[in-house]
Amino acid sequence: MEGGTLTDANLTNSYFSSSFIGVNGFGSPAESKYSMMQRMTSSSSSPSLLNDGAKNFSHNPVSSPASSLFSDFGALICHDDPCLTHSIPLAPNPTASEFIPKGAPRMAAMASAPAFPSPLFPHPGLGGSTTAALAPGMSLSAGSSPLHSPKITPHTSPAPRRRSHTPNPANYMGPTAAADQGPHIIQKETVGGTTYFYTDNTPAPISGMVFPSYHIYPPTAPHVAYMQPKANAPSFFMADELRQELINRHLITMAQIDQSENPGVPSEVDSYHSLFPLEPVPPPNRMQKTSNFSYITSCYKAVNSKDDLPYCLRRIHGFRLVNTKCMMLVDMWKKIQHSNAVTLREVFTTKAFGDHSLVFSYDFHAGAETMFSRHFNDPTADSYFTKRKWGQHEPPPPRQHAGLLPESLIWAYIVQLSSALRTVHTAGLACRVMDPSKILITGKTRLRVNCVGVFDVLTFDNSQTNHLALMPQYQQADLISLGKVVLALACNSLAGIQRENLQKAMELVSINYSSDLKNLILYLLTEQSRLRSVNDIMPMIGARFYTQLDASQMRNDVIEEDLAKEVQNGRLFRLLAKLGTINERPEFQKDPSWSETGDRYLLKLFRDHLFHQVTEAGTPWIDLSHIVSCLNKLDAGVPEKISLVSRDEKSVLVVTYSDLKRCFDSTFQELQGAATGPL
């Protein structure tokens, strides 16, 4: 790790990222060549090139969140260096103190008639003029300033990095009481012929603070490292389970059908194209009405040509929409955004399928499966509730973790379903599709209620004056349906919610689960004279809500850690892509030896240094940490020296990474200029 003073470019671009400790990425026998400490200090990453031809990867050092070290450690920059001052894009800071012009009359007027008797928003770093002291050699009457000087810092005002709201680690690395007791120093800066005065609240840099000049991958955060089971080898990339899940979602999102083999699926429906059946489409003579909607339905994935996003289309076969007043309820459903409900986007009619069809467009969640297919697709699970013939023995009841779902999973489902119902009921609507076949599960435990709003359109009664009058009754039915879903989950069988099996099902719940779960099911399934609310079951959920919240936040920590491992991959790939456009180019501007001469020859040797090294025995030396470390140092242009040896071993060139970066930038800019210039 270099311990020199950070330059402006390094501060602008350097920021820490994911965990990538330096061990052999491919398990080669090169472990004895470098010690673990050397690898940990060399495995690193750095900022991207500012001149990216394929995609502009440059960022504003003031406003970009990727350049937090620029604002965090602005105190380490020499403010008097003109190179640093004028090379940084300046941006306004509306929350900063008003700058003070040099004109004496204006200052006298401001001092005698303050705008407010006291600060509106007192802040310890924005004190009044009584606590400020002039720097030596400065005078408020040193010159005049235009009276129309703006009250909000303009773009050409002093660099806002000194007043950034980004937390500065220097503030937490040592005592600051002594600094707070002294007077603030008023700084002076002239930009564009106008002199500005401002109070510099930047804490003085603490001696001994050293930061890397290129990316160093920190280890996994301890709260995540101790959360997961230890693996035999450190993981540089995201977990295989999460990677496979994301790949499956991508495959499903991009799936298409052969139109010639599926003539029944139209190529376009309204503004949607690329339809892909999400459910098996039975032959026309075998189509059956669903038990939920009493209509034949089918489901497709389609891409909207207006925004190029995938959606899920739920088609109602043979339905003619007579009155459009029901769109009032559709508009109400469009406004509902909840993490446990599939959002309805639009409803339209079409004849693209050869009949009058009604289509509901929902958000598409790739890889989702219904609760029915995950938990109620086993025909042997109903054996406990099947009637026995004379002489057959009663089988033993199933137990938790041995035929029944764990109670923690059931409570996780209850929290999510009740949360969705609470939002829907608060909006004055009713779900009306609380059924295992209409509840989607993504991942392990994430639930979403699907097909919302379908019943409101199919059963719309135009003769009623108040179309929301029956919503309280529908909301009570939602609670009963929720109780049936919970009971079916507790019994792990849909046969348990049948009327003749209710007593046997409740006995099974009493034996295997807590009294809170039993009381919740009884409360939801029991008819009462007063109107019930989904909020009534909150006391029964109790502290289990905090358990689900904790599990959700822990899951978020794990996913963020996996994201941190991959955050630098795009930058390194762009670096390699640029290097590949330079190395071994057969000809450039009619010069066949272009890639073998000048700066390009250094880059060719650096490519061999990256990928073509061998061990003492002459075998290939493959080390992912070496490749990543060298690319990071090249991207940052560190002053470290390396030896580049020609293939015939007759030439040895000692260069720094900063020299290589200069050659790399100039060469790629030459290629890019020729590609974008006139023919």
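If you're wondering where the values come from, they're calculated on a predicted model, not measured in any experiment.

Chemist: Tell me about the pattern of salt bridges, and name the residues and values.
Modeler: Throughout the structure, instances matching the rule amount to 19 salt bridges. A salt bridge links Lys604 to Glu596, with the shortest nitrogen-to-oxygen separation between them at 2.7 Å. Exposure remark for Lys604: the relative accessible area of 14% places this residue in the buried category. With a shortest N-O distance of 3.2 Å, Asp608 and Arg607 are connected by a salt bridge. Of the two residues, Asp608 and Arg607, both sit in the buried class. Look at the salt bridges and you will find they share partners, linking Glu584, Arg607, Asp608 and Arg647 into a network.

Chemist: Any details on the packing of helix H13 (residues 471-491) against helix H15 (residues 515-525)? Residues and values, ideally.
Modeler: For the pair H13 and H15, interaxial distance at closest approach is 7 Å and the crossing angle is 145 degrees. When you trace H13 past H15, the crossing you get is left-handed. Where H13 approaches H15, its residues Leu479, Ile480, Leu482, Gly483, Lys484, Val486, Leu487 and Ala490 are matched on the opposing element by Leu517, Leu520, Ile521, Leu524 and Leu525. In terms of residue class, the contact of H13 with H15 is made up of 11 nonpolar, 1 polar and 1 charged.

Chemist: Provide a residue-level description of helix H18 (residues 569-582), including the pertinent values.
Modeler: If you check H18, its first and last C-alpha atoms are 20 Å apart, about what 14 residues at 1.5 Å a residue would give, namely 20 Å. Taken together, the buried positions of H18 are occupied by Arg571, Leu572, Arg574, Leu575, Lys578, Leu579 and Ile582. Viewed end-on, H18 has its buried residues packed into an arc of 160 degrees, placing them on one side of the element. Exposed residues lying more than 90 degrees from the buried face of H18 are Phe573 and Gly580. Where H18 terminates, the next one or two residues include Glu584, which has phi positive at roughly 60 degrees.

Chemist: A description of the packing of aromatic side chains should follow, citing residues and the corresponding values.
Modeler: One pass over the structure, following the stated rule, counts 10 aromatic pairs. Seen from their ring centres, Phe545 and Tyr546 are 6.0 Å apart, and the 80 degrees between their planes marks the pair as edge-to-face. Taking the centre distance of 4.7 Å and the plane angle of 45 degrees together, the rings of Phe588 and Trp594 count as tilted. Take Phe588 and Trp594: they sit in the same class, and that class is buried. Three or more aromatic residues joined by ring pairs make a cluster, and in this case those are Tyr272, Tyr311 and Phe348. The cationic tip of Arg532 hangs over the ring face of Tyr523; the distance from NZ or CZ to the ring centre is 5.7 Å. Lying across the ring of Phe668, Lys578 places its NZ or CZ 5.0 Å from the centre.

Chemist: An account of the UniProt feature "coiled-coil region" (unreviewed entry) in the chain is needed here, citing residue identities and associated values.
Modeler: In this numbering, the UniProt entry assigns the feature "coiled-coil region" (unreviewed entry) to residues 543-581. Structurally, residues 543-581 is divided into 92% helix and 0% strand, and its ends, taken at the C-alpha atoms, are 59 Å apart.

Chemist: Tell me what's going on with unusual backbone geometry, and back it up with residues and numbers.
Modeler: Phi is positive for Asp270, which is not a glycine, with a value near 55 degrees. Asp270 sits in the exposed class, given a relative accessible area of 51%. Even without being glycine, Glu649 reaches a positive phi, approximately 60 degrees. Tracing the chain through its elements places Glu649 in the loop between strand E15 (641-645) and strand E16 (652-656). Given a relative accessible area of 65%, Glu649 falls into the exposed group.

Rules used throughout
Residues numbered from 1 in each chain as written. Predicted model: local features only at pLDDT ≥ 70, side-chain atom pairs only at ≥ 80, totals over all residues. Heavy atoms only, no water. Salt bridge = Lys/Arg side-chain N within 4 Å of Asp/Glu carboxyl O. Buried < 20%, exposed > 50% of the residue type's maximum accessible area, 1.4 Å probe, protein only. Axes fitted to C-alpha atoms, helices over the stretch in contact; angles between N-to-C directions. Helix = DSSP H or I, 4+ residues; strand = E, 2+ residues; numbered from the N terminus. Left-handed = near helix turned anticlockwise from the far one by under 90°. Contact = heavy atoms within 4.5 Å. Nonpolar A, V, L, I, M, F, W, Y, C, P; charged D, E, K, R; others polar. Expected span 1.5 Å × (residues − 1). Arc of directions from axis to C-beta. Phe/Tyr/Trp six-rings, centres within 6.5 Å; stacked < 30°, edge-to-face > 60°. Lys NZ or Arg CZ within 6 Å of the ring centre and 35° of its normal. UniProt positions renumbered as here; feature names shortened; annotations may be inferred.

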